[in-house]
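# Remarks on the overall topology
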Amino acid sequence: MRRAIIGLLRKILATRLFASRAQRYRRPMIGASRRLSSVLVGMAAFALLAPQTAVSQGRIEIVNFQSLTFPGSLFTPPFMAAPQEGSPATIFGILRLPETTDRVPAVVITHGCSGITGAETYWAEGLIQLGVATFVVNSLVGRGIPRVCSGPHTISTASVLTDVYRARDLLAVHPRIDPSRIALLGFSFGGRNALWAASSRFQQRYGPGPPFAAHLAFYPTGCHIKLIDEDRVANVPIRIFHGAADDATIIGRCRDYVARLRNAGRDAALFEYVGAKHWFDNADLANRQTPTGFLNYNNCTFLEQDDKIIDVMTGGLAGTGSPCVVSEGSYGYHPAAREQATADVQNFLRSLFKL
């Protein structure tokens, strides 16, 4: 009896600790994100009617948490601002929990340029079936940004890295989650951030604490950018999942990146999918013509230098106006590649998390 009471008290304390670090999703965010599913919008409406005590409804929690917004962007110095330069920001994430009372592993998911799409939602819902909790972080809506990578809006790498590190710390105190089994998964722009979050330097600067258990990236956009100390990463697995027919972020640059990590003794690997393009796992594209004309950096080689990203070809600041940048590329859904990637990710996580 005494042991049972002690266990119950520990659960209550853990729940209060998590609740003290997370706030319920509120009205200002509802109209700002068109990509939230009708189910989630309905849940948000329910929260408005009865926010006083509920932390979650069913197995989904929409959670506000605190992060920081830093000045600059990938191409606008400072590349990685000092920690004290960040200003407070409230963002949110969508937490899904498996149907079990046991403590479970978790995957933090960081989105691409368009925010939360069918790709992020597919993985967030699918990994639940494996017994893994998922937390999809929305880095844009809380900052009033509709999308990045094209148009007038930008977001700094330091901001997104802080988001995922804060998400990790939030999950680490959740009473249902095993803090030693939290991995990071990202897509395209988010894939780059998922890889760079493994950097020992960036983690020390923006998210000191236990490292993620692994870093997984789908068709990341950053393989053409060489960081000063790119091989100084956490001693955990790094995995990239990439379409061999991707003409938006060509796979060859990521092959080279993985080779450099492996040569440095890191646990890195690349999964290739024949015939698959960029965004091959996004079923939202199944009945849509693949557009062309977005900015393409396949011919570029950029280098971190003096807190700036430099275009090796010109020696000047890299950016959308670099001579190597072209306006071309495509993306498209590939069911067979998604099915194989699903099996690959599940097998990897089963081994990693000992499921």
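Residues numbered from 1 in each chain as written. Predicted model: local features only at pLDDT ≥ 70, side-chain atom pairs only at ≥ 80, totals over all residues. Heavy atoms only, no water.

Let us now look at the sheet that holds strand 12 (residues 302–305). Taken together, the three strands give an open sheet; going across it, the order is 8-12-13, and neighbouring strands pair in mixed fashion. One side of each edge strand has no neighbouring strand; the edge strands of this open sheet are strand 8 (225–226) and strand 13 (308–311). Where strand 12 lies against strand 13, four bridges are found, and the strand directions are antiparallel. The residue bridging L303 from the neighbouring strand is I310, located in strand 13. (Pairing = 2+ DSSP bridges. Helix = DSSP H or I, 4+ residues; strand = E, 2+ residues; numbered from the N terminus.)

In this section: the environment of F212. Assignment of secondary structure puts F212 in the loop between helix 6 (200–206) and strand 7 (215–218). In this structure F212 comes out as buried when scored by relative accessible area, which is 1%. The contact partners of F212, leaving out residues within four places of it in the chain, are V108, V164, Y165, R168, I182, A183, L184 and V236. (Buried < 20%, exposed > 50% of the residue type's maximum accessible area, 1.4 Å probe, protein only. Contact = heavy atoms within 4.5 Å.)

Inspection of the entire model under this criterion finds three disulfides. A sulfur-sulfur separation of 1.9 Å characterises the disulfide bridge that pairs C113 with C149. Of note, the bridge from C113 to C149 carries an S-S torsion of about -70° and is left-handed in sense. Taken together, the positions of C113 in the loop between strand 4 (104–110) and helix 3 (118–126) and C149 in the loop between strand 5 (133–138) and helix 4 (157–172) put the pair 36 residues apart, joining distant regions of the chain. By relative accessible area, which is 15% here, C113 ends up buried. Classification of C149 as partly exposed rests on a relative accessible area of 43%. The disulfide that involves C300 links it to C324, with 2.1 Å between the sulfurs. (Disulfide = S-S within 2.5 Å.)

This paragraph deals with the pattern of salt bridges. Here the structure, examined in full by the defined rule, presents 11 salt bridges. Close ionic contact of R181 with D178 constitutes a salt bridge, the shortest N to O distance being 2.9 Å. Accessibility classification places R181 together with D178 in one group, the buried group. Between D267 and R239 there is a salt bridge, with its nearest N and O atoms 3.0 Å apart. Of the two residues, D267 is situated in the loop between helix 7 (251–263) and strand 10 (268–273) and R239 in strand 9 (residues 238–243); the sequence distance between them amounts to 28 residues. Taking relative accessible area as the criterion, R239 reaches 12% and is therefore assigned buried. Linked through salt bridges whose partners overlap, the residues forming this network are R201, D229, R232 and E304. (Salt bridge = Lys/Arg side-chain N within 4 Å of Asp/Glu carboxyl O.)

Moving on, we get to the packing of aromatic side chains. As enumerated under the stated definition, the model contains 19 aromatic pairs in all. Between the aromatic rings of F79 and F202, the centroid separation amounts to 6.3 Å while the plane-to-plane angle is 70°, which identifies the pairing as edge-to-face. Linking F79 in the loop between strand 2 (60–69) and strand 3 (87–96) with F202 in helix 6, this pair joins segments that are 123 residues apart in sequence. Looking at F202, the relative accessible area reads 1%, which means it is buried. In this structure an aromatic cluster arises from ring pairing among Y122, W123, F187, F218, Y219, F241, F271, Y273 and F280. It is R168 that lies over the ring of F212; its NZ or CZ is 5.7 Å from the centre. In this arrangement the basic side chain of R192 is found over the ring face of W196, its NZ or CZ atom lying 5.3 Å from the centre. (Phe/Tyr/Trp six-rings, centres within 6.5 Å; stacked < 30°, edge-to-face > 60°. Lys NZ or Arg CZ within 6 Å of the ring centre and 35° of its normal.)

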